[in-house]
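Summary of the model geometry
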Amino acid sequence: MKKRKAKAREAPFAPAEIATNFTRGMVAAGLLAAIQDGRMSGKPHSSKLLRQALQGGVALAAGAAVAESMRRQDYFGALAALAGGAIGALALETLLATEMTVATEPAEEIRVG
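Residues numbered from 1 in each chain as written. Predicted model: local features only at pLDDT ≥ 70, side-chain atom pairs only at ≥ 80, totals over all residues. Heavy atoms only, no water.

What the chain contains, in helices and strands, is three helices and zero strands. Tracing the chain from N to C terminus, the helices and strands come up as α-α-α. Per-residue burial for the chain yields a buried fraction of 25% across its 113 residues. For the chain, the proportion of contacts with a sequence separation of at least 24, taken over those separated by at least 6, is 69%. Taken as a whole, the chain presents about 8900 Å² of accessible surface, with 65% of it coming from carbon and sulfur. (Helix = DSSP H or I, 4+ residues; strand = E, 2+ residues; numbered from the N terminus. Buried < 20%, exposed > 50% of the residue type's maximum accessible area, 1.4 Å probe, protein only. Contact = heavy atoms within 4.5 Å. Areas by Shrake-Rupley, 256 points an atom, 1.4 Å probe, with all protein chains shown as cover.)

As structure tokens, then:
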């Protein structure tokens, strides 16, 4: 009786590969955001630029992970990478948008007497 060989599963992306893809996406999205925002208003808002750059990094890293999972026909891994990318981008949007509104709100005056 022959034993079936277990299908050799390739390892998912290494952390260094994910970091490289994130950095590529962050730089590309940051450059695009700086150019596009700079043309419109003269000077891009640094928090908005940071948010767009980080989200671009997350999007590229997630997209590369999804593509690699699909190539390996690991559909659960592709779905997990897609969900992770969406959650990461939404988390950045929420955290940095909250930080921007807190930083731009005028301070309340305290009057005595």
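Okay, back to it.
Following the criterion strictly, the structure yields three salt bridges and no others. Ionic pairing is found between E68 and R71, a salt bridge with its closest N-O pair at 2.5 Å. Of this pair, E68 and R71 both sit in helix α2 (residues 46-71), three residues apart, which is roughly one turn of the helix. A salt bridge links D74 to R72; its shortest N-O distance comes to 3.3 Å. The same class applies to D74 as to R72, namely buried. (Salt bridge = Lys/Arg side-chain N within 4 Å of Asp/Glu carboxyl O.)

Right, let's talk about the side chain of S69 for a bit. With respect to the helices and strands, the residue S69 is situated in helix α2. With sequence-adjacent residues up to four places away left out, S69 is seen in contact with D74, G77 and A78.

Moving on: the environment of E68. Residue classification places E68 among the buried residues on the basis of a relative accessible area of 18%. Spatially, the C-alpha atoms of E68 and A81 are 9.9 Å apart, while their sequence positions differ by 13 residues.

Although it is not a glycine, Q73 adopts a positive phi angle of roughly 60°. As for its position among the elements, Q73 is in the loop between α2 and α3 (75-104). Judged by relative accessible area, Q73 falls into the exposed class, the value being 53%.

It is worth spelling out α2 at this point. For an α-helix the count is 3.6 residues per turn, leaving residues at separations of three or four pointing the same way. An ideal rise of 1.5 Å per residue puts 38 Å on 26 residues; α2 measures up with 37 Å between its terminal C-alpha atoms. Those residues of α2 not exposed but buried are R51, A53, L54, Q55, G56, G57, V58, A61, A62, A65, E68 and S69. Taken from the residues just after α2, Q73 is the one with a positive phi, measuring 60°. (Expected span 1.5 Å × (residues − 1).)

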